[in-house]
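# Chains, contacts and geometry: an overview
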Amino acid sequence: MSNDAPLSGSALTITAGGYTAEIASVGASLRTLRAEGRDLVVPFAADEVRPAFRGAVLAPWPNRVVDGRYTFGGREHELALTEPKRHHALHGLVAWTDFRTVAHEPDRAVLATTVPAQEGYPFRVDVLVEYRVDGDGLHTTITGTNAGDDAAPWGTGPHPYLVAGEGRIDDWTLTLPAAEVLEVTEDRLVPTGLAPVHDEFDLRTATLVGERFIDHAFTGFDRDAEGLATIVLTAADGHGVRVSFGPECGWAQVHTADHVVPEYHRVGLAVEPMTCAPDAFNAGEDSGLVVLAPGAAHAASWTIAAV
């Protein structure tokens with residue numbers, strides 16, 4: 001990235017089938033996504049420091065590692081605490097990395113970086129991010145490849161804030177076809193255990209978001225014959241946005257974007273398909289944690305489309 005590049009990094013635009021996406025190289029972030037001129041995600045300006053992880057790539061873990069500590073391969077590791085108020089390591093190691101451009105075509109952009117072996121994560125993993133648009137929406141695939149000599153823990157996901165239409169999320173309707181929710185402590189969002197969806201978390205049929213607060217991970221999705229789960233957010237006029245993801249993403253974090261900064265507060269709904277649960281580095285493979293053998297690769301994909 002040159003010194004005269006925007007604060008969000010080099011800009012890549014792709015367009016096809018009525019969709020236009022703008023990608024910022026810092027964090028390989030989805031900066032804007034529009035369908036026929038309508039925003040599907042909360043945008044941010046090119047010459048702006050990306051707020052609230054909007055559109056960032058999360059790897060080699062999504063969500064949190066509690067207290068930044070975990071054990072892997074019989075060794076204890078301690079990560080830097082990037083969510084100091086809650087005392088956690090948040091959203092991986094590449095969200096502020098300036099990715100390099102591997103390919104840029106009218107309807108496709110590919111960006112890449114390498115997570116270097118470092119204190120707390122002594123593993124080398126190559127990260128490849130492909131964005132592609134067509135008449136069915138924006139398709140994203142993140143692939144992690146172990147470039148080191150030892151097995152490495154891996155997880156990934158995106159961080160888009162979805163926009164259904166005019167207004168704020170209180171006025172929108174959410175369909176979240178998940179049977180289970182990961183309950184967490186109120187203060188630090190530390191996982192305490194899975195439970196059947198209940199009360200404000202049972203969103204398996206279209207439900208007005210209203211004033212409810214959500215910052216939880218969901219699993220146990222209803223899926224179609226191809227293994228796709230779909231979360232749908234609609235406005236009063238029937239228009240909206242959906243996210244579909246395959247079985248490699250067994251989890252999705254959903255957050256109502258409650259924020260102390262007024263201009264960020266409840267302006268979109270974070271819907272984050274994840275390959276693993278929060279704190280998977282401690283919960284292990286039963287939570288979806290991927291263990292990458294040397295030379296092995298793992299890919300996860302999702303699609304954002306207009307409704």
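Residues numbered from 1 in each chain as written. Predicted model: local features only at pLDDT ≥ 70, side-chain atom pairs only at ≥ 80, totals over all residues. Heavy atoms only, no water.

Labelled according to an unreviewed UniProt entry, the protein chain appears under the name Aldose 1-epimerase family protein, originating from Curtobacterium caseinilyticum.

This part is about the packing of aromatic side chains. Using the criterion set out here, one finds seven aromatic pairs in the structure. Each ring, one from Phe72 and one from Phe123, has its centre 5.6 Å from the other, and the planes form 85°; the classification is edge-to-face. Note that Phe72 is positioned in strand β7 (residues 69-72) and Phe123 in the loop between β11 (108-115) and β12 (125-134), a separation of 51 residues in sequence. Like Phe123, Phe72 is buried. Of the aromatic side chains, those joined through ring pairs into one cluster are Trp61, Tyr70, Phe72, Tyr121, Phe123 and Phe281. Positioned above the aromatic ring of Trp96, the side-chain terminus of Arg50 is 4.0 Å from the ring centre. (Phe/Tyr/Trp six-rings, centres within 6.5 Å; stacked < 30°, edge-to-face > 60°. Helix = DSSP H or I, 4+ residues; strand = E, 2+ residues; numbered from the N terminus. Buried < 20%, exposed > 50% of the residue type's maximum accessible area, 1.4 Å probe, protein only. Lys NZ or Arg CZ within 6 Å of the ring centre and 35° of its normal.)

Across eight bridges, strand β13 (residues 137-146) lies against strand β27 (residues 297-306) in antiparallel orientation. Residue pairing for β27: Ile142 is matched across the bridge by Ala300. With five bridges joining them, strand β23 (residues 240-245) and β27 adopt antiparallel strand pairing. By the bridge assignment for β27, Val241 is matched with Ala306. (Pairing = 2+ DSSP bridges.)

This next bit is on the sheet that holds strand β22 (residues 229-234). Pairing in this open sheet of nine strands is antiparallel, and the strands run β10-β11-β12-β13-β27-β23-β22-β17-β20 from one edge to the other. Each having just a single partner strand, β10 (100-105) and β20 (207-208) make up the two edges of the open sheet. Both strand β17 (residues 173-175) and β22 contribute to a ladder of three bridges, which runs antiparallel. Each residue of the ladder has a partner; that of Thr173, found in β22, is Thr234.

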